[in-house]
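Residue-level structural notes
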Amino acid sequence: MELTNLSIKQLQEGLLAEKRQFSAIEVAESYLEILHRHENKKKTNEFVGAFITILEDSALAKAKELDKKIERGDKVGSLVGLPLGVKDVFATQGIITTAGSKILENYKPPYSATVVERVESADVIILGKTNCDEFAMGTSGENSAYYSTHNPWDLSRVPGGSSSGSAAAVAAGECLAALGTDTGGSVRQPAAFCGVVGVKPTYGRVSRYGLIAMASSLDQGGVIARSVEDAAYLLQTIAGYDAKDATSVDNKVPDYIGELNKPVKDLVIGIPREFFGEGMEPGVAEAVKQAIAEIEKLGVKIKEVSLPSMPYALAAYYILTPAEVSANLARYDGMRYGESARKDILYETYARTRGQFLGAEAKRRIMLGTYVLSAGYYEAYYQKAKSVQLAIKHDFAKIFEQVDLLVTPTSPTVAFTLGSKVDDPLALYLADINTVPVNIAGLPAISVPCGFAAGLPVGLQLIAKPWAEATMLRLAYAYEQVTEWHNKKPSFKK
Ligand code: GLN
């Protein structure tokens, strides 16, 4: 039995079967072997660079402890033995949490994020902290202050971002699933580029407590997995109210796994024409067209729709998020957290610390953000972007009176070459064009593999009404049952 090919469900069944088919330690060791192969910088033809910190010792210790518990017949958590990657923006108590930044290179949080606590009590095995763009700002993984992650499908290409390591690690088989965060597409876009499944829940569904903030009003924890079913398992564990996060909402979490098999033929699907515009690669258009045809065969009703405010979404996003980023990153001042370039004069400590330890993109967003919030410009930029946000929310609400779900390409392109856009921030910002409207409106969305263009994976995005994750998972699951895309694996032969 190939232990690293099992789904979460099969893993549970095998571990907990009366006659145990394998042990947690065997599973953990099998994954660690793959992980080491792709994290070894000397093996340039297999180096993925998906992890910043590898937690081998604690992972093996946890696996041993779980095996003992299982042998004794003790109760174990709902994700027992699941080898997991955790994006390095989730605080992990006593374990270095960098957020992909040099300013937190040695930072050990005094507490863990709620999401981390939840997966730990579900008995996952955390294999390490995954690489990401600095403070989750980026679409290519190249803004990590450590090293760029490579796309397992073609190592000369980016894996997408900012949850670059989480998506690449799952695609390369270094872990079974991973946690990511999505402020403007950072779970869905790398999932699309790496040929895996990415779920961004409704804003307020997953606790942000202990999640290092980028743009607090949009940030949301999510999951990256090989299949919709695996994603549903993980989401089930991390979703739900948390009193420690004031924006967490006390809405009942449905049985995501139980709902996967419900019929889909009563659903009405909208195809919003604004998401199929200029800049979309022909190969992406073709794969998405075929996916829509496949979905139609499931018996759902397809309808072309329009969301007129979409052309303004990206501009609004790149005003709203830098504004919040500039406030959130103010705490890295060399006095309280992380690295410090201390000087006798307080102001110099601030300036030198930030100058020395923050990367170019972080500085760019701080400057953009303070600019759009400054007196005289606040009304012209920030408030205007807030009005655009209202228009976008309104557009979605109106469309969702007619349809259950929207289907779009996750990204207009496939993964691009490493280094090809680093000097052109605007080109990188454009990669988010199809994902940011979802965050601006606080909606849930999923990206599922739907084909290949020029040998690289293409992602299909399904967007749902607030709190309707179950509906979106259900259609994605039904689509997965009739297609093979999610079973394809990168070969590392190039
Ligand atoms: N790529 C987007 C950005 O750079 C999204 C980031 C995210 O979702 N964390 O802002």
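Check the entry above for the structure.
The next point concerns the overall build of the chain. Broken down by element type, the chain carries 16 helices and 11 strands. In terms of C-alpha radius of gyration, the chain reaches 21 Å, essentially the compact-globule figure of 23 Å for 494 residues. Residue burial in the chain is summarised as follows: out of 494 residues, 62% are buried. Across the chain, every contact between residues at least 6 apart in sequence was considered, and the portion connecting residues at least 24 apart equals 75%. Positive and negative side-chain charges of the chain, numbering 53 and 57 respectively, have mean locations separated by a distance of 1 Å.

Together, Met335, Ile345, Leu346, Tyr347 and Tyr350 make up a nonpolar patch on the protein surface, roughly 500 Å² of accessible area in all. In this structure, Leu346 sits in helix α11 (residues 346-357). Given the relative accessible area of 44%, Leu346 is considered partly exposed.

Residue position: Lys41 is located in the loop between α2 (24-39) and β1 (51-54). Lys41 has contacts with Phe47 and Tyr147, leaving out every residue within four places of it along the chain.

Once that is clear, we can look at the site of the ligand. As a matter of local geometry, the ligand sits amid 15 residues, with Ala136, Thr183, Gly184, Ser186 and Tyr317 nearest to it. Between the ligand and the protein, one listed contact pairs an oxygen atom with a backbone N or O atom of Gly184 at 2.6 Å. Within the side chain of Tyr318, a nitrogen or oxygen atom sits 3.4 Å from an oxygen atom of the ligand. Summarising the interface, the protein chains cover 100% of the accessible area of the ligand, which totals 290 Å² for the free molecule. Across the shell around the ligand, the residue classes tally to five nonpolar, seven polar and three charged.

This part covers the state of the cysteines. Applying the stated criterion across every chain yields a total of zero disulfides. Cys194 takes part in no disulfide bond, and the closest cysteine sulfur, belonging to Cys175, lies 11 Å away. Looking at the unpaired Cys450, the closest cysteine sulfur is the one in Cys194, lying at 15 Å. On the basis of relative accessibility, which here comes to 3%, the residue Cys450 falls in the buried class.

Compared with an ideal rise of 1.5 Å per residue, which puts 16 residues at 22 Å, helix α9 (residues 282-297) spans 23 Å between its outermost C-alpha atoms and is within 8% of the ideal. All of the buried residues in α9 are Val284, Ala287, Val288, Ala291, Ile292 and Ile295. Along the axis of α9, the buried positions cluster into a sector of 140°, meaning they face one direction only. Away from its buried face, by an angle of more than 90 degrees, α9 presents the exposed residues Pro282, Lys289 and Lys297. Of the surrounding secondary structure, the elements contacted by the buried residues of α9 are β7 (268-272), β8 (301-305), β9 (405-409), β10 (445-453), β11 (456-464) and α16 (469-481).

Here we come to the nonpolar core. In this structure, Phe135, Leu179, Ile446 and Leu475 are the most contacted members of the largest nonpolar core, which totals 158 residues. Among the elements that take part in this core, helix α10 (residues 313-328) stands out by supplying nine residues, more than any other. Ignoring anything within four residues of it in the chain, the contact list for Phe135 reads Ala99, Ser101, Ile103, Leu104, Ile212, Met214, Leu329, Tyr332 and Leu358. Counting residues in hydrophobic clusters, the runner-up holds five residues, among them Val158, Ala415, Phe416 and Leu428.

A separate point is the sheet that holds strand β5 (residues 197-200). Taken together, the 11 strands give an open sheet; going across it, the order is β1-β3-β2-β4-β6-β5-β10-β11-β9-β7-β8, and neighbouring strands pair in mixed fashion. For this open sheet the edge positions go to β1 and β8, each flanked by a neighbour on one side alone. Strand after strand, the sheet turns through a mean of 30° between neighbouring axes, direction not considered. Alignment of β10 against β11, held across eight bridges, turns out to be antiparallel. Bridge pairing links Ala445 to Ile463 in β11.

What counts, and at which threshold
Residues numbered from 1 in each chain as written. Predicted model: local features only at pLDDT ≥ 70, side-chain atom pairs only at ≥ 80, totals over all residues. Heavy atoms only, no water. Helix = DSSP H or I, 4+ residues; strand = E, 2+ residues; numbered from the N terminus. Rg over C-alpha atoms; globule rule 2.2 N^0.38 Å. Buried < 20%, exposed > 50% of the residue type's maximum accessible area, 1.4 Å probe, protein only. Contact = heavy atoms within 4.5 Å. Lys, Arg positive; Asp, Glu negative; His and termini not counted. Charge placed at Lys NZ, Arg CZ, Asp CG, Glu CD. Patch = residues over 30% accessible without salt bridge, like charges linked within 9 Å, V, L, I, M, F, W, Y side chains within 5 Å. Areas by Shrake-Rupley, 256 points an atom, 1.4 Å probe, with all protein chains shown as cover. Salt bridge = Lys/Arg side-chain N within 4 Å of Asp/Glu carboxyl O. Near = heavy atom within 4 Å. Polar contact = N/O pair within 3.5 Å; in protein donor to acceptor, adjacent residues only side chain to side chain. Nonpolar A, V, L, I, M, F, W, Y, C, P; charged D, E, K, R; others polar. Disulfide = S-S within 2.5 Å. Expected span 1.5 Å × (residues − 1). Arc of directions from axis to C-beta. Core = buried A, V, L, I, M, F, W, Y, C linked by side-chain atoms within 4.5 Å. Pairing = 2+ DSSP bridges. Axes fitted to C-alpha atoms, helices over the stretch in contact; angles between N-to-C directions.

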